[in-house]
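# Survey of secondary and tertiary structure
Spelled out, the chains give:
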Amino acid sequence: MAAITPPGEWTYGVALPIHTLTATLADPWEHTATVDDLVSIARKAEATGHHFVGVTDHIAIPDNDYAAHMSTTWYDTVATLSYLAACTETVNLASVVWIAAYRHPLQTAKSFATLDYLSGGRAILGVGAGHVEAEFEALGVDFDARGRLLDETLEAIRGAFDDQYVSHSGKAFSYSDVGVGPAPVRELPIWVGGSGRAAWRRAGRLGDGYVPMGNPVGQYGEIIDTMNSAAASAGRDGARFDVGFMPPWCYLLADSPPEGLPPVMAFGVEPVAASIRAGLEAGANTFHLKFRARTLEEYLEQFDAFAESVVPLVNEP
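Residues numbered from 1 in each chain as written. Predicted model: local features only at pLDDT ≥ 70, side-chain atom pairs only at ≥ 80, totals over all residues. Heavy atoms only, no water.

Applying the stated criterion across every chain yields a total of twelve salt bridges. Arg103 is the partner of Asp57 in a salt bridge, and the nearest nitrogen-oxygen pair spans 2.7 Å. Pair noted here: Asp57 is in the loop between strand S2 (52-55) and helix H2 (77-85) and Arg103 is in the loop between strand S4 (98-99) and helix H3 (105-119), with a separation of 46 residues, a long-range link. In this structure Asp57 comes out as buried when scored by relative accessible area, which is 4%. The exposure class of Arg103 is buried, given its relative accessible area of 8%. (Salt bridge = Lys/Arg side-chain N within 4 Å of Asp/Glu carboxyl O. Helix = DSSP H or I, 4+ residues; strand = E, 2+ residues; numbered from the N terminus. Buried < 20%, exposed > 50% of the residue type's maximum accessible area, 1.4 Å probe, protein only.)

Next comes the structure, spelled out in structure tokens:
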């Protein structure tokens, strides 16, 4: 198995700012942030115990009502993670999430295996089915087939490094006796994102973890039962997973909202620690953090506050 969270422990990481300027995700300071700022954040995450940093994935944002809140700025996922790999040493590099249906499975296998090889075994392939129908249309991919394409892609990636030359015969992709190198340093961890049962079943059947989509803590019994049942049906009974949970958007530097801060759901360290404790009790073990801030400096301070104040509250007997 390729789960990264050790048994009985919990890990945490963050989807990086700056690389997308979508209105629902970005704070105002990010619009003038630099590449150096992005590197500083990744290094700060690494220095404060984050197990992973994440980059999202979109290729071509349509000009329509559905995507009206979405910026056209989304850094290329693998290029960004590869750049950050050269600027960091230990933190895992995750796609959260890669829309696998947009690419041939051998392209995805090649990209993430190379990222893993160059980074010394730090790549995490987080995948999702996708949701922007016009983006699928622009890329010539059948939107209605996205779940089936994702399933077949994951099956193909799982077998891409079984031997020097491999073959695959499926409904969408077929190839014979081809080799993809370099091979990943470690078995490539695959996390599956999505908010519903199809994603939970896919994570259990084909994945090593689950990327949460803001699911409430009360849903985690169903999520974990669904994953374990799907794993058992696929012959993976007893599989271990990185079960992701999203604490609320938070601001850790005060117990009430300071002037000029974007909307936040939790203030101070105790509410965030309580959310993580609740997630742990529900069976999650991998926490995807979301900080709000008015400046880069304030954003960076939150990493220290989390490591120095939240983590001890979670770990206290």
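With that settled, consider the side chain of Thr88. The residue Thr88 is located in the loop between H2 and strand S3 (92-95) in this model. On the accessibility criterion, Thr88 (8% relative accessible area) is buried. A polar contact is formed between the side chain of Thr88 and the backbone oxygen of Leu84, at a distance of 2.8 Å. In this structure the side chain of Thr88 is engaged in a polar contact, spanning 2.9 Å, whose partner is the side chain of Arg122. If sequence neighbours within four positions are ignored, Thr88 has contacts with Ala42, Arg43, Glu46, Leu93 and Arg122. (Polar contact = N/O pair within 3.5 Å; in protein donor to acceptor, adjacent residues only side chain to side chain. Contact = heavy atoms within 4.5 Å.)

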